[in-house]
Amino acid sequence: KIGLKIDLISWFLIILLILILILLDRELKIRLGSEKDTDEILRIENSLFKEDSWSRNMIFSELKKGINKKTFLVERNQKLIAYVMIRFFGLEYQILNLAVSKIEQNKGVGLLLLLFFLKKIPINSSVFLEVKESNLPAISLYNKLGFTEQYVRNKYYSDGSNALVLHHNKIN
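Residues numbered from 1 in each chain as written. Predicted model: local features only at pLDDT ≥ 70, side-chain atom pairs only at ≥ 80, totals over all residues. Heavy atoms only, no water.

J.: Which residues make up the sheet that holds strand β5 (residues 126-132), and what are the values?
T.: In spatial order, the strands read β1-β2-β3-β4-β5-β7-β6; together these 7 strands make up an open sheet with mixed pairing. The strands lining the two open edges of the sheet, one partner per strand, are β1 (28-32) and β6 (148-153). Going from strand to strand, the sheet's axes swing by 25° on average, the running direction of each strand aside. In this structure, strand β2 (residues 69-76) lies alongside strand β3 (residues 79-89), joined through 8 bridges in antiparallel fashion. Counterpart to Phe72 in the pairing with β3 is Val84. Here helix α2 (residues 38-49) sits on the sheet and contacts β2, β3 and β4 (92-100); the angle it forms with β3, its principal contact strand, is near 90°. (Pairing = 2+ DSSP bridges. Helix = DSSP H or I, 4+ residues; strand = E, 2+ residues; numbered from the N terminus. Axes fitted to C-alpha atoms, helices over the stretch in contact; angles between N-to-C directions. Contact = heavy atoms within 4.5 Å.)

J.: So what's going on with the layout of surface pockets? Residues and values would help.
T.: Size it by volume and the largest pocket reaches roughly 1,300 Å³. Phe49, Leu98, Asn135, Ala138 and Tyr142 are, among the 42 residues lining the largest pocket, the residues nearest its centre. Looking at the lining of the largest pocket, the elements with two or more residues in it are α1 (2-24), α2, β4, α4 (109-120), β5 and α5 (136-144). Broken down by element, the residue count for the lining of the largest pocket peaks at 7 residues, all from β4. (1 Å grid on protein atoms, 1.4 Å probe; cavity = no way out; pocket = protein on both sides within 12 Å on 5 of 7 lines; lining within 4 Å. Points joined across faces, edges and corners; volume = space filled by probe spheres on them.)

J.: Explain α2 residue by residue, including any values.
T.: Its 12 residues place the ends of α2 16 Å apart at the C-alpha level, agreeing with the 16 Å of an ideal helix rising 1.5 Å per residue. Of the positions making up α2, those classed as buried are Thr38, Ile41, Leu42, Ile44 and Glu45. The buried residues of α2 occupy one face: seen down the axis, they fall within an arc of 165°. In this structure, the buried side of α2 is in contact with α3 (56-63), β2, β3 and β4. Immediately downstream of α2, the backbone of Lys50 shows phi near 45°, a positive value. (Expected span 1.5 Å × (residues − 1). Buried < 20%, exposed > 50% of the residue type's maximum accessible area, 1.4 Å probe, protein only. Arc of directions from axis to C-beta.)

As structure tokens, this is what we get:
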């Protein structure tokens, strides 16, 4: 029961933070992405991921309409500041790519985007993602939202870094 109370308190605080962010920043908007967003996503992608960034064609392909994929974008004052690309089949979801522009990091934008996504998926869904083992801020965020490490993919990234495969079960 103590663990459940802590989880409920954590979720309450996270939701309260999101509400405060929304109230303080009415210029923040989440929407579905489309092919016209390719170049703005590519700009963020290249600035953050360098040699591991997706190509323009990969991004464009992911943004094309499809029954088992979605891309959610966060905009501030109509400027793209974050995105998450998702594939799904049934109740299993894979976060393929998630990024927050450098100047918007550590402001709750990634948290807002992940909570938005997790709220949209059905109960009993599973979510998987890979994250660079050295990306401690992202790992911390995922852990706060209930993601747990499943295993390590050795030398997954072009620089030889490992990837952690994380999993989240949406139970309520």
